[in-house]
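Residues per chain are reported as follows:
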Amino acid sequence: MGKVKKKKNWYEYLWIATILYLTLGLFNILFAWLGLLCFFIPLIMSFTKKDKAYCNKYCGRGQLLELVGTKFSRNKPMPKFLKTKWFRYGFLIFFLTMFVNMLYVTYLVFNETTGLKEVITLMWTFKVPWRFNELTNVTPWIAQFAFGFYSMMLTSTILGFITMALYKPRSWCVYCPMGTMTQGVCIIKDKIK
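So, how was this worked out
- Residues numbered from 1 in each chain as written.
- Predicted model: local features only at pLDDT ≥ 70, side-chain atom pairs only at ≥ 80, totals over all residues.
- Heavy atoms only, no water.
- Axes fitted to C-alpha atoms, helices over the stretch in contact; angles between N-to-C directions.
- Helix = DSSP H or I, 4+ residues; strand = E, 2+ residues; numbered from the N terminus.
- Parallel < 35°, antiparallel > 145°, perpendicular 65-115°, else oblique.
- Left-handed = near helix turned anticlockwise from the far one by under 90°.
- Contact = heavy atoms within 4.5 Å.
- Nonpolar A, V, L, I, M, F, W, Y, C, P; charged D, E, K, R; others polar.
- Expected span 1.5 Å × (residues − 1).
- Buried < 20%, exposed > 50% of the residue type's maximum accessible area, 1.4 Å probe, protein only.
- Disulfide = S-S within 2.5 Å.
- Phe/Tyr/Trp six-rings, centres within 6.5 Å; stacked < 30°, edge-to-face > 60°.
- Lys NZ or Arg CZ within 6 Å of the ring centre and 35° of its normal.

### Considerations on the packing of helix α2 (residues 36–48) against helix α9 (residues 177–192)
Part 1 of the reasoning: At a closest axis distance of 9 Å, the pairing of α2 and α9 adopts a crossing angle of 20°. One finds that α2 runs roughly parallel with respect to α9. In this structure, α2 meets α9 at a crossing whose hand is right-handed. Residues Cys 38, Phe 39, Pro 42, Leu 43, Ser 46, Phe 47 and Thr 48 of α2 pack against Met 178, Met 181, Thr 182, Val 185, Cys 186 and Lys 189 of α9.
Part 2 of the reasoning: Class assignment for the residues of the contact of α2 with α9 results in nine nonpolar, three polar and one charged.

### Quick look at α2
Part 1 of the reasoning: Taking 1.5 Å of rise per residue, the 13 residues of α2 would be expected to cover 18 Å, and the 18 Å separating its terminal C-alpha atoms lies within 8% of that figure.
Part 2 of the reasoning: Among the residues of α2, Leu 36, Phe 39, Pro 42, Leu 43, Met 45 and Ser 46 are the ones counted as buried.
Part 3 of the reasoning: Tucked inside the fold, the buried residues of α2 contact α3 (53–58), α6 (85–110), α7 (140–166) and α9.

### Some details on α6
Spacing of three or four residues puts side chains on the same side of an α-helix, whose turn is 3.6 residues.
Part 1 of the reasoning: Along its 26 residues, α6 runs 37 Å from first to last C-alpha, staying within 8% of the 38 Å computed at 1.5 Å per residue.
Part 2 of the reasoning: Along α6, the positions that sit buried rather than exposed are Arg 88, Phe 91, Leu 92, Phe 95, Met 98, Phe 99, Met 102, Thr 106, Leu 108 and Val 109.
Part 3 of the reasoning: Looking at the buried side of α6, the elements it contacts are α2, α5 (80–83), α7, α8 (172–175) and α9.
Part 4 of the reasoning: Glu 112, located one to two residues past α6, shows a positive phi value of around 60°.

### Details of the state of the cysteines
Part 1 of the reasoning: On inspection of all chains with the given rule, the structure shows zero disulfides.
Part 2 of the reasoning: Lacking any disulfide linkage, Cys 173 is separated from the closest cysteine sulfur, that of Cys 59, by 5.9 Å.
Part 3 of the reasoning: In this structure Cys 176 is a free cysteine whose sulfur lies 6.1 Å from that of Cys 55, the closest cysteine sulfur available.

### Some details on the packing of aromatic side chains
The description of an aromatic ring pair uses the distance of the two centres, along with the angle that the planes make with each other.
Part 1 of the reasoning: Scanning the entire structure with this criterion turns up 21 aromatic pairs.
Part 2 of the reasoning: Ring centres of Trp 33 and Trp 141 lie 6.2 Å apart, and the angle between their planes is 75°; this geometry places the pair in the edge-to-face category. With Trp 33 in the loop between α1 (15–27) and α2 and Trp 141 in helix α7, this pair connects stretches of sequence that are 108 residues apart.
Part 3 of the reasoning: What makes Trp 33 partly exposed here is its relative accessible area of 29%.
Part 4 of the reasoning: In this structure Trp 141 comes out as partly exposed when scored by relative accessible area, which is 28%.
Part 5 of the reasoning: With 6.0 Å between their ring centres and 85° between their planes, Phe 91 and Trp 172 make a pair best called edge-to-face. Taken as a pair, Phe 91 in helix α6 and Trp 172 in helix α8 lie far apart in primary sequence, 81 residues in all.
Part 6 of the reasoning: With relative accessibility at 13%, the residue Phe 91 sits in the buried group.
Part 7 of the reasoning: Here a set of aromatic residues connected by ring pairs shows up, and it is made of Trp 33, Phe 39, Phe 40, Phe 99, Phe 110, Trp 141, Phe 145 and Phe 149.
Part 8 of the reasoning: Stacked on the ring of Tyr 13, the Lys or Arg Lys 8 has its end atom at 5.6 Å from the ring centre.

Here's what the structure looks like:
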């Protein structure tokens, strides 16, 4: 008797959404706003569920890293320092600082203190040489937020692929800022109970 193939659940295909998000954002930066779903859904789930359900089941980026990592990962153990609480919370603070900075730049554009900067940056430093569609019909601060948020999402995905290649496929998940935040929410909820 042959093996029965297990039917996949719908959420096992969320890696496709990650690829679509990253691709569509390169052609129209306004798609970057969809990335807020990856920001709010995990937090809402961590407040309403007992565990890190989003990270464990629904994270499209984690699924993509797992999928690509089956072929391209060295499958080596991560260095211990990447798993430490100090590194994970330090990285979260760094990421949140970059997020607040992005909000501040968006505010400056909203306030008309500065003009729209149509640029995607990787690792908060390197500018992506890409020509974007004309954004004349869009309120500048809406576009500015999209450029900043997409830059963060693209940077974190690249960091995920680097650690996937060097170590185990889902190594990024160990120090992912979103995962650290949702874990923190779960810990605080447990202490309150």
